[in-house]
Amino acid sequence: AAAAAAAAAAPPDVYHGFDGATGAAAAAVDAAVGRVDGVERVAAAAAPKPLNFEAKGGKLLANGKPFSLLGVNWFGFETETALVHGLWTDQSMDSLLDAVAAMGYNSLRVPLALDNLLANPVVTAYNGGVAANKQLDGKRMLDALDLLVRKAADRRLLILLDMHRLEAALWPDP
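It should be emphasised that the depicted structure is a prediction, and the values quoted were computed from it without experimental measurement.

Engineer: When you look at unusual backbone geometry in this model, what are you seeing that I'm missing?
Structural biologist: For residues besides glycine, phi is generally negative; the peptide bonds are generally trans as well. Phi at Asn 120 takes a positive value of approximately 50°, unusual for a residue other than glycine. Residue position: Asn 120 is located in the loop between helix 4 (114–119) and helix 5 (141–154). Not every positive phi belongs to a glycine, and Arg 156 is a case in point at roughly 60°. By secondary structure assignment, the location of Arg 156 is in the loop between helix 5 and strand 8 (158–165).

Engineer: Would you explain the side chain of Ser 107 in this entry?
Structural biologist: Locating Ser 107 in the fold gives a position in strand 7 (residues 107–113). When sequence neighbours within four positions are dropped, the list of residues in contact with Ser 107 reads Leu 69, Leu 70, Gly 71, Val 72, Leu 157, Leu 158 and Leu 160.

Engineer: Help me understand the pattern of salt bridges, please; the structure alone is not making it clear to me.
Structural biologist: Proximity of charged atoms lets side chains of opposite charge pair with each other. Evaluation of the coordinates by the stated rule reveals six salt bridges. In this structure, Lys 56 and Glu 54 form a salt bridge, with 3.9 Å as the shortest nitrogen-oxygen distance. The salt bridge partner of Asp 162 is Arg 109, with a shortest N-O separation of 2.4 Å. Here the residue Asp 162 occupies a position in strand 8, and Arg 109 occupies one in strand 7, the gap between them amounting to 53 residues. When salt bridges with common partners are traced through the structure, they connect Asp 94, Asp 98, Lys 151 and Arg 155 into a single cluster.

Engineer: Can you walk me through the sheet that holds strand 5 (residues 65–66) in this structure?
Structural biologist: To summarise the sheet geometry, strands pair through backbone hydrogen bonds and adopt either a parallel or an antiparallel arrangement. An order of 3-4-5 is seen for the three strands of this open sheet, with the pairing classed as antiparallel. Unpaired on one side and paired on the other, strand 3 (53–56) and strand 5 mark the two borders of the sheet. Here strand 4 (residues 59–62) pairs with strand 5 via two bridges, running antiparallel. Paired with Leu 61 across the strands is Pro 66, a residue of strand 5.

Engineer: I tried to follow the nonpolar core on my own but got confused; where do I start?
Structural biologist: Side chains that are nonpolar tend, in soluble globular proteins, to be buried together. Core analysis: the biggest nonpolar cluster contains 22 residues, and Trp 74, Phe 77, Leu 83, Met 93, Leu 97 and Leu 148 have the highest contact counts within it. Of all the secondary structure elements, the ones that give two or more residues to this core are helix 3 (93–102), strand 7 and helix 5. Apart from the residues lying within four places of it in its own chain, the contact partners of Phe 77 are Ala 82, Leu 83, Val 84, Val 110, Pro 111, Leu 112, Ala 113, Asn 116, Met 141, Ala 144, Leu 145 and Leu 148.

Engineer: Even after reading the chapter, I still don't get a nonpolar patch on the surface, so can you show me in this structure?
Structural biologist: A cluster of nonpolar side chains, namely Leu 114, Leu 118, Met 163 and Leu 166, defines an oily patch on the protein surface of about 410 Å² accessible area. Tracing the backbone through its elements, the reader meets Leu 114 in helix 4. With relative accessibility at 33%, the residue Leu 114 sits in the partly exposed group.

What counts, and where the lines are drawn
Residues numbered from 1 in each chain as written. Predicted model: local features only at pLDDT ≥ 70, side-chain atom pairs only at ≥ 80, totals over all residues. Heavy atoms only, no water. Helix = DSSP H or I, 4+ residues; strand = E, 2+ residues; numbered from the N terminus. Contact = heavy atoms within 4.5 Å. Salt bridge = Lys/Arg side-chain N within 4 Å of Asp/Glu carboxyl O. Pairing = 2+ DSSP bridges. Core = buried A, V, L, I, M, F, W, Y, C linked by side-chain atoms within 4.5 Å. Buried < 20%, exposed > 50% of the residue type's maximum accessible area, 1.4 Å probe, protein only. Patch = residues over 30% accessible without salt bridge, like charges linked within 9 Å, V, L, I, M, F, W, Y side chains within 5 Å. Areas by Shrake-Rupley, 256 points an atom, 1.4 Å probe, with all protein chains shown as cover.

Right, dumping it as structure tokens:
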């Protein structure tokens, strides 16, 4: 009974959004990379241990421990705007990433278009008038993608890049 009460009182695993048996696996991954309950617990100067992924026996492992991807799609880099969508609202990239992490997700799938990668256009449709997204003023797509990857990493979110289509302006691809 004491163990059940302690488990019920334990904080949720905010990094993985799991509880119970899967929460134990998530806790093992947290321990492997220096987190407790999804929260970084290492000194600021110490770099977190990198995740080394492998597939074994039909399971995804991170540093030898079971790992589950819980992700969302954030589309837009594969469109003519060459930027994740939603930044034309009063929401910043930071606030949207914070929301994704707070909901317990640990990964983002980011679709890309080959022609955007090659041309590296100036990003549009982020509403330059919104102060929350001023860091995108005059930026090119690869700058914005780099910013997204760095900000996601700060929140321990993995990025899955998806070469989604050949041409941003053409759907479906021929």
